2 protein chains.
Amino acid sequence: MPKHGISPTRKEDYPEWYQQVVRAADLAESSPVRGCMVIKPHGFALWERMQAILDGMFKATGHKNAYFPLFIPLSYLEQEAKHVEGFAKECAVVTHHRLELDADGRLVPKGKLEEPLVVRPTSETIIGAMYAKWVQSWRDLPILINQWANVVRWEMRPRVFLRTAEFLWQEGHTAHATEAEALQETLQMLDIYAMFAERDLAIPVWKGPKPESERFPGAVETYSIEAMMQDGKALQAGTSHFLGQNFAKAQNISFTDKTSKEEYCWTTSWGVSTRLIGGLIMTHADDDGLVLPPRIAPEQIVLLPIYRTDEDKTAVMNCCQEMKDLIEENQWRDEKIRVQIDDRDMRGGDKAWQHIKQGVPVRVEIGPRDIANGTVSIARRDEPPKQKHAISLEEFPNSAAELLESIQSNLLKKAVAFRESHSSKIDSKDEIPAFFDASQQDIPGFAYVHVADDPAVAKALDPLKVTVRCTPMEWDEEPGKCLFTGKTVSRRSVISRSY
Amino acid sequence: MPKHGISPTRKEDYPEWYQQVVRAADLAESSPVRGCMVIKPHGFALWERMQAILDGMFKATGHKNAYFPLFIPLSYLEQEAKHVEGFAKECAVVTHHRLELDADGRLVPKGKLEEPLVVRPTSETIIGAMYAKWVQSWRDLPILINQWANVVRWEMRPRVFLRTAEFLWQEGHTAHATEAEALQETLQMLDIYAMFAERDLAIPVWKGPKPESERFPGAVETYSIEAMMQDGKALQAGTSHFLGQNFAKAQNISFTDKTSKEEYCWTTSWGVSTRLIGGLIMTHADDDGLVLPPRIAPEQIVLLPIYRTDEDKTAVMNCCQEMKDLIEENQWRDEKIRVQIDDRDMRGGDKAWQHIKQGVPVRVEIGPRDIANGTVSIARRDEPPKQKHAISLEEFPNSAAELLESIQSNLLKKAVAFRESHSSKIDSKDEIPAFFDASQQDIPGFAYVHVADDPAVAKALDPLKVTVRCTPMEWDEEPGKCLFTGKTVSRRSVISRSY
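Residues numbered from 1 in each chain as written. Chains lettered and ligands numbered in written order. Predicted model: local features only at pLDDT ≥ 70, side-chain atom pairs only at ≥ 80, totals over all residues.

*Asks:* Could you clarify how one ought to interpret the overall build of chain A in this entry?
*Replies:* If you tally the helices and strands in chain A, you get 14 helices and 27 strands. Along the longest, intermediate and shortest principal axes, the C-alpha atoms of chain A span 80 × 65 × 60 Å. Looking at the 499 residues of chain A, the share that counts as buried comes to 50%. (Helix = DSSP H or I, 4+ residues; strand = E, 2+ residues; numbered from the N terminus. Buried ≥ 20, exposed ≤ 12 C-beta atoms within 10 Å, placed from the backbone.)

This is the structure:
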């Protein structure tokens, strides 16, 4: 077991390995409030990077940000029957609006509310109520709004980033005059999520509609992006919902069309959350700790000065500063390259390991001997810790962008290869149990199978603890018969265990 | 009364004028949830600008963002006696964690929590609990963390942006090894707020300590920036609290110093909120609507193409696009200048008035005649709507930055002049009632008075409905005797009505 690595390893205990990676990278920790996490600066910096990139993509497609209330009156939740059914079991309910000290000096709730308020688990109902006021005529459409917010879903089995009572997310809510336009919006946002996952997070995803049993409560169709984690389970990494006229009818979001006819709007909603940080970890991290794709890394390159004497220190620090300035003159993917010099007074080995555990893509060691030789020692986080490359000191600043691009694309390539090596097309019902039997293979991944969108399928799969994740739209049509119902379907679906 | 202006005017009914400016600029509106506002896209864009600038200033001074739970256990609030006293009356309390349908089909709260949770009114206690875990030795200090978040303080008399049950803010929380360092941090953040207010929002502020009666519950000293609104009232626009060791002792945030002695930390907290948007409106808006300082305006320049024929349209639109491109090649205050072309199909006058009401700093009309003459017609939002300037079409793109700077500085100058013309040094107790008597002057503003930090002062001022806002530190020492207690004080303080 390496002194500095993560214990246990992925193979030894995957769930515990995950917790230890989060801890070693100082991303987050549990709080005294049941199920709520504290996102620490290094973890929050990842979320800020995700926000910046996604926000730019949303705005480039015409969306604007706004902010709606944290609280939802009970009567609003009641409006859409399936919606309330889906969320009632996990709602934090505010019932009082002040506190008083009792005779024992303990605080007790007072000022009972006439109507209790729910802390938003999602905002369709409160936002829909506003849209109903804002939309009068076809001229008011489309409404293209996004909100960055916290939401609360009471979780009995919380797990940092993946499943927490409170989490941060963005929720887009749009209203349109036609079904076609709303459907197009739903798919556009799904594409944006998929592009973001693959291009920026280096997480390969399958995107497509989910079966009815996995739909968002109240949606006509839910599309998701699904990624394979290193234990073979699927992580639903983002969803885009076509809500049809369900919410519009429940909330009376209607408009006068060009022919003066009163019509209901067609609405969509779509979101990704801090869960993506969990997905990032479980896709790329290894038994040494976090591995960050350069595009999302708050620090892309860390310069580690090495010296013993004061004289060496001056020369080495000057060289580091000069190199930092030169690197920062370069751009990678339209952004200034992010470089830090880590001059903290601690053992060099411990320092390097801290950056390894935090996933910094590139470590550069610079000492007196390197300066004399005109080289620097480069280590890539996507290679083993001890593998180092001597590179010309002069050339490095101008090749840094290329190095980052190489790491970024290598991480995606690795993740794709991992997914493909743990996936199989399966064409016989009888082969499915063996595929998911952990005693027969270490990491049961994705089964690509012909299945109909039918409750019988979910029921048949239930004993295996697997579900239909989605039916990837990017796959060519390959019609076949559902292994469980015999119905003809046009494409395979992804079946797997999931988070 | 102008057809397109704000009705009522400031003079006719200031509070109602404020509401109408918010409505005309489409910034926000009230929601179905009592006391909670919906921040609409144009209003939220202002908050995004504020966030971007402040966040940069926080990071440049070594702070990092993090995120702490929305909920606070009751027992945490109880830890600091004054703190709980200050917030108990306005806390939203979560008591249940799910909903069930009763026999009548109505949702009712179920799953009673063992310990109720408060929706954070501010986060000193929950963040302090984490700091107590994180800080062991002097090496762990300082902790310099900021959080962008929503907070809830139950308001009986909500007013959009100024006083709402839920609002958005940032709260910085820092822990230090020494008193001097914590005090320096407190004052540094106060300076940052003052610089942001004056340089970016064009809102002149006085900054200094507040009297004990106006302190943050649990603080040793509260410093604020105070701005004069156009009705003469003060708006507390930001606060920075020196918490001493009060919270550290209550929560056991302690560390081992360099001599191995166990010591309590010294902590600070500081915040500004969406209230700043209210301050921006009430400082600059006029009887025509919102007026935005260019630095904070989401759109700094709007180009208004004017044409009747299709032939004219092509020429005019080409000219607009070219001008937009040329302007965007220029920077103002290290940012690309933000230009939009408004080509919507609506009456030119209505369109111009929409931009006036939304406060866009510069409107540029471009029609066929302008192109023929080689000029454009410029209107500045800090001048009357009908005042226009013909400027050379060729020169405008390169002079745009200068124009924005001129508007920005003119708005600050105007606001300073307004404040000074409604402020007086007062050296006799008997003159104070007359100064604040609305029947004797339209807009009673700031009285600059020698007063001690003594409960007797607050008591004497209470019948006049005015308070001591702060004692500006930037003023030269000018010792004098407190008009109410006779004690000698070194500087004057600001006394006024307030929001």
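Having seen the model, we can carry on.
*Asks:* Which parts of the structure should I look at to understand the interface of chain B and chain A?
*Replies:* Put simply, an interface is often sized by how much accessible area is lost when its parts join up. Listed per partner, the contact involves 49 residues of chain B and 49 residues of chain A. At eight residues, strand β5 (residues 93-101) of chain B tops the list of elements feeding residues into the side of chain B that touches chain A. Grouping the amino acids of the side of chain B that touches chain A by side-chain chemistry returns 34 nonpolar, six polar and nine charged. (Contact = placed C-beta atoms within 7 Å. Nonpolar A, V, L, I, M, F, W, Y, C, P; charged D, E, K, R; others polar.)

*Asks:* Got a minute to help me understand the domain arrangement of chain A in this structure?
*Replies:* Residues and elements named next belong to chain A. You can read the domains of chain A as domain 1 (14-284), domain 2 (301-403) and domain 3 (427-496). On a C-alpha basis, the centres of domain 1 and domain 3 stand 28 Å from each other. Of all elements in the fold, only β9 (206-209) and β10 (221-228) reach the threshold of two or more residues within the side of domain 1 that touches domain 3. For the side of domain 1 that touches domain 3, the element with the highest residue contribution is β9, accounting for four residues. (Domains from an automatic or database assignment.)

*Asks:* Looking at this structure, how should I read the relation of the copies chain B and chain A?
*Replies:* Both copies of the chain are related through a single rotation about an axis accompanied by a shift along the same axis. Between the two copies, chain B and chain A, the superposition gives an RMSD of 0.0 Å; the rotation angle is 180° and the shift along the axis is 0.0 Å. Seen this way, the second copy is the image of the first under a two-fold rotation axis. Within chain B, the C-alpha atom positioned nearest to the axis of rotation is that of B:Val94, 2.1 Å from it. Comparing contact sets, 100% of the residues at the interface of chain B also lie at the interface in chain A, consistent with an isologous, same-surface contact. (Least-squares fit on C-alpha atoms with pLDDT ≥ 70 in both.)

*Asks:* Looking at this structure, how should I read the sheet that holds strand β18 (residues 339-341) of chain A?
*Replies:* All names here are of chain A. The strand order across the open sheet formed by five strands is β18-β15-β19-β20-β21, and the pairing between neighbours is mixed. Here the strands that pair on one side only, and so sit at the sheet edges, are β18 and β21 (389-392). Here the strands of the sheet are splayed against their neighbours by 30° on average, with no regard to which way each runs. As judged from the three bridges shared by strand β15 (residues 301-305) and β18, these two strands associate in the parallel manner. Looking at β18, one finds that Leu303 is bridged to Ile341. Helix α9 (residues 310-328) rests against β15, β18 and β19 (362-366) of the sheet, and its axis sits at about 165° to β15. (Pairing = 2+ DSSP bridges. Axes fitted to C-alpha atoms, helices over the stretch in contact; angles between N-to-C directions.)

*Asks:* So what exactly am I meant to see when it comes to the packing of helix α2 (residues 41-60) of chain B against helix α6 (residues 179-200) of chain B here?
*Replies:* What describes two packed helices is the angle between their axes and the distance between those same axes. Residues and elements named next belong to chain B. Viewed as axis vectors pointing N to C, α2 and α6 meet at an angle of 140°, and their least axial separation amounts to 11 Å. Every pair of crossing elements has a handedness; the one defined by α2 and α6 is right-handed. Contacts between α2 and α6 involve Ile53, Leu54 and Met57 from the first element and Ile192, Phe196 and Asp200 from the second. Taken together, the residues that form the contact of α2 with α6 break down as five nonpolar, no polar and one charged. (Left-handed = near helix turned anticlockwise from the far one by under 90°.)

*Asks:* What am I meant to see in helix α10 (residues 348-358) of chain B here?
*Replies:* Given 3.6 residues to a turn, an α-helix orients residues that are three or four positions apart in the same direction. Restricting attention to buried positions, one finds in α10(B) the residues B:Ala352, B:His355, B:Ile356, B:Lys357 and B:Gln358. As for α10(B), its buried residues are in contact with α1 (14-24), α2, β15 (301-305) and β19 (362-366) of chain B.

*Asks:* Would you mind going over the nonpolar core with me for this structure?
*Replies:* A general feature of soluble globular proteins is that nonpolar side chains tend to end up buried together. If you look at the biggest cluster of nonpolar residues, it comprises 300 residues, and the most contacted ones within it are A:Val21, A:Ala197, A:Ala227, B:Val21, B:Ala197 and B:Ala227. Non-local contacts of A:Ala197, meaning those with residues more than four positions away in its chain, are made with A:Ile203, A:Val205, A:Ile225, A:Ala227 and A:Ala237. (Core = buried A, V, L, I, M, F, W, Y, C linked by C-beta atoms within 7 Å.)

*Asks:* Please clarify how unusual backbone geometry should be interpreted in this entry.
*Replies:* That bond from A:Leu141 to A:Pro142 is cis: its omega, -5°, falls within 30 degrees of zero. Position of A:Pro142 relative to the elements: it lies in the loop between α5 (124-134) and β7 (143-152). With an omega of 0°, the peptide bond between B:Ser7 and B:Pro8 qualifies as cis. Mapped onto the elements of the fold, B:Pro8 is located in the segment before α1. In the Ramachandran plot, B:Asp26 falls in the positive-phi region, its phi being about 60° despite a non-glycine side chain. Note on placement: B:Asp26 falls in the loop between α1 and β1 (28-30).

*Asks:* It is not clear to me how the environment of B:Gln340 should be interpreted in this structure. Could you clarify?
*Replies:* Residue and element names in this part refer to chain B. Within the secondary structure, Gln340 is located in strand β18 (residues 339-341). Taking the C-alpha atoms as reference points, Gln340 and Gln170, separated by 170 residues in sequence, lie 30 Å from one another. Setting aside residues up to four positions removed in sequence, Gln340 forms contacts with Glu299, Val302 and Leu303.

*Asks:* Hey, could you run me through the pairing of strand β6 (residues 107-119) of chain B in this one?
*Replies:* Walk down a regular strand and you will see the side chains alternate between the two sheet faces. All names here are of chain B. When strand β4 (residues 71-73) meets β6, the two strands line up antiparallel, connected through three bridges. Opposite Pro73, over in β6, you have Leu117 as the bridge partner. Examined bridge by bridge, β5 and β6 share seven bridges and lie antiparallel to one another. Pairing of Glu100 across the sheet is with Val108, part of β6. Linking β5 back to β6 in an antiparallel pair, the connection comprises five residues, with Gly105 at a positive phi of about 80°.

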